[in-house]
Amino acid sequence: MWYHKPVINKELLQSLPNLKIVASSGVGIDHLDLKLLSSYGVKLSNTPFIVSTDTADMGMALMLASSRRLVEGYQMAVSPDTEYFPADWLGDGLSGATLGIVGMGTIGYKVAERAKAFEMKILYHNRNQRNKEEESAVGAVYCKKIDDLLQQSDFVLLSVNLTPQTHKLIGKRELELMKPTATLINISRGLVVDQDALVEALQNKVIKAAALDVTYPEPLPRDHPLLKLKNVIITPHIGSATKKTRRLMMENMIESIQAGLTGLPIPNEVL
């Protein structure tokens with residue numbers, strides 16, 4: 001499967017009685033019915049670890065682009081109407097700012113490693129607390145309650161899997177807990193955020209800005225209000241989109257398929 005295609009449904013599974021394995025690109029499996037696959041005896045693999053480095057880089061890129069207003073700056077610099085650069089056109093620096101990471105898995109931890117180099121203060125919220133050595137290595141402080149993280153962070157970065165528990169994890173209440181000077185960054189899945197609530201929060205300056213590599217749907221309708229807001233950066237779900245990583249993803253999928261067909265242990269099998 002690449003870009004969630006083909007769609008794996010009952011009709012397809014019935015038409016492929018000899019199917020043994022589905023190899024899905026990327027880390028997310030929210031587009032798959034695991035119980036349905038299991039009922040047909042079909043195994044599943046994904047490529048969770050390969051994508052983590054590039055996706056973490058993307059999180060930092062979005063944070064930098066939003067804080068330093070790079071998209072707005074580019075538009076000003078190339079506009080035929082620009083006659084001078086205003087002296088009071090300012091962004092925000094990352095050094096000394098507080099980053100709250102929601103979801104401290106492989107990707108979230110790699111974001112923390114990068115943020116440490118930018119001299120940021122790091123908070124994180126996760127189902128399970130990391131061990132003390134891992135926390136100390138990046139200077140991260142655990143927040144058992146997500147509310148505490150939201151209230152203290154200048155940047156809130158979402159790096160969670162989409163599950164029933166994380167569906168619209170960030171809604172109106174959570175956005176109102178954030179600082180009015182805060183930026184929301186989403187590199188996980190669009191449905192982790194209540195998009196209508198986000199539009200309202202951005203329009204009413206409940207939060208300062210958002211930088212999104214994921215939305216729902218993808219792409220957004222061309223008249224969607226998020227596309228009209230200057231305090232939003234949207235990229236086309238390119239967290240893992242580097243030549244090297246995409247090639248490694250495909251190689252991993254082939255390895256899993258070969259193992260599945262020959263009865264060997266499947267690398268990155270989703271159980």
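Residues numbered from 1 in each chain as written. Predicted model: local features only at pLDDT ≥ 70, side-chain atom pairs only at ≥ 80, totals over all residues. Heavy atoms only, no water.

The protein appears in an unreviewed UniProt entry as Glyoxylate reductase/hydroxypyruvate reductase from Stercorarius parasiticus. Per its UniProt entry, the protein bears the Sequence similarities (unreviewed entry) comment "Belongs to the D-isomer specific 2-hydroxyacid dehydrogenase family." (UniProt positions renumbered as here; feature names shortened; annotations may be inferred.)

Student: Describe the domain arrangement of the protein, listing the residues and the values that go with them.
Tutor: Along its sequence, the protein is carved into domain 1 (10–49 + 242–262) and domain 2 (52–234). Using only C-alpha atoms to locate each centre, domain 1 and domain 2 end up separated by 30 Å. At the interface, seven residues of domain 1 touch six residues of domain 2. Across the domain 1 to domain 2 interface the summed buried area is about 550 Å²; carbon plus sulfur atoms make up 40%. It is Val27, Asp30 and Phe49 that lose the most area in domain 1 upon contact with domain 2, and together they represent 66% of the buried surface on that side. (Domains from an automatic or database assignment. Contact = heavy atoms within 4.5 Å. Buried area = accessible area lost by both parts, 1.4 Å probe.)

Student: Just give me the short version of helix 5 (residues 106–117), but keep the residues and values in it.
Tutor: Under the 1.5 Å per step criterion, the end-to-end length of helix 5 is 17 Å for 12 residues, consistent within 8% with the ideal 16 Å. Those residues of helix 5 that sit buried are Ile107, Gly108, Tyr109, Val111, Ala112 and Ala115. Tucked into the core, helix 5 has its buried residues touching helix 3 (52–67), strand 3 (98–102), strand 4 (121–125), helix 6 (132–138) and strand 6 (155–158). One or two steps after helix 5, the chain reaches Glu119, where phi turns positive at roughly 60 degrees. (Helix = DSSP H or I, 4+ residues; strand = E, 2+ residues; numbered from the N terminus. Expected span 1.5 Å × (residues − 1). Buried < 20%, exposed > 50% of the residue type's maximum accessible area, 1.4 Å probe, protein only.)

Student: Explain the packing of aromatic side chains to me, and be specific about the residues and the numbers.
Tutor: Counted according to the given criterion, the structure contains one aromatic pair. Taken together, a centroid distance of 5.2 Å and an interplanar angle of 50 degrees make the contact between Tyr124 and Tyr142 tilted. Highlighted residues: Tyr124 in strand 4 and Tyr142 in strand 5 (residues 140–142), separated in sequence by 18 residues. By relative accessible area, which is 0% here, Tyr124 ends up buried. (Phe/Tyr/Trp six-rings, centres within 6.5 Å; stacked < 30°, edge-to-face > 60°.)

Student: Help me get a handle on the sheet that holds strand 5, residues and values and all.
Tutor: Backbone hydrogen bonds hold the strands of a sheet together, and the pairing may be parallel or antiparallel. Taken in spatial order, the seven strands of this open sheet run 5-4-3-6-7-8-9, and their pairing is parallel. The two strands at the open ends of the sheet, each matched to only one other strand, are strand 5 and strand 9 (232–234). Each strand axis lies, on average, 15 degrees off the axis of its neighbour in the sheet, ignoring direction. Here strand 8 (residues 209–212) runs beside strand 9; their pairing, made up of three bridges, is parallel. Residue pairing in the sheet places Leu212 in a bridge with Ile234 of strand 9. Contacting strand 3, strand 4 and strand 6, helix 5 crosses the sheet at an angle of about 170 degrees to strand 3. (Pairing = 2+ DSSP bridges. Axes fitted to C-alpha atoms, helices over the stretch in contact; angles between N-to-C directions.)

Student: Before we move on, could you go through unusual backbone geometry and cite the residues and values that matter?
Tutor: The omega torsion of the bond from Lys5 to Pro6 falls at 0 degrees, within 30 degrees of zero and hence cis. Note on placement: Pro6 falls in the segment before helix 1 (10–15). With an omega of -5 degrees, the peptide bond running from Tyr216 to Pro217 counts as cis. Positive phi is not limited to glycine here, since Lys205 has a value of about 60 degrees. The phi dihedral of Asn268 is positive, around 60 degrees, even though this residue is not glycine. Position of Asn268 among the secondary structure elements: in the segment after helix 10 (243–262). Residue Asn268 is classed as partly exposed on the basis of its relative accessible area of 24%.

Student: With reference to specific residues and values, describe the pattern of salt bridges.
Tutor: Evaluation of the coordinates by the stated rule reveals 12 salt bridges. Among the ionic pairs, Asp30 bridges to Arg189, the shortest N-O distance being 3.1 Å. Of this pair, Asp30 sits in the loop between strand 1 (21–23) and helix 2 (34–39) while Arg189 sits in the loop between strand 7 (183–186) and helix 9 (195–203); the two residues are 159 residues apart in sequence, bridging distant segments of the chain. The exposure class assigned to Arg189 is buried, which follows from its relative accessible area of 16%. When the shortest N-O distance is used, the salt bridge between Lys172 and Glu200 registers 3.5 Å. Of the two residues, Lys172 sits in helix 8 (residues 172–177) while Glu200 sits in helix 9, which places them 28 residues apart along the sequence. A single salt-bridge network, built from bridges that share partners, covers Asp147, Arg173 and Glu174. (Salt bridge = Lys/Arg side-chain N within 4 Å of Asp/Glu carboxyl O.)

Student: Outline the UniProt feature "domain: D-isomer specific 2-hydroxyacid dehydrogenase catalytic" (unreviewed entry) in the protein, listing residues and values.
Tutor: According to UniProt, the "domain: D-isomer specific 2-hydroxyacid dehydrogenase catalytic" (unreviewed entry) feature falls on residues 3–270. Annotated as residues 3–270, this span is 37% helix and 13% strand, and its ends, taken at the C-alpha atoms, are 18 Å apart.

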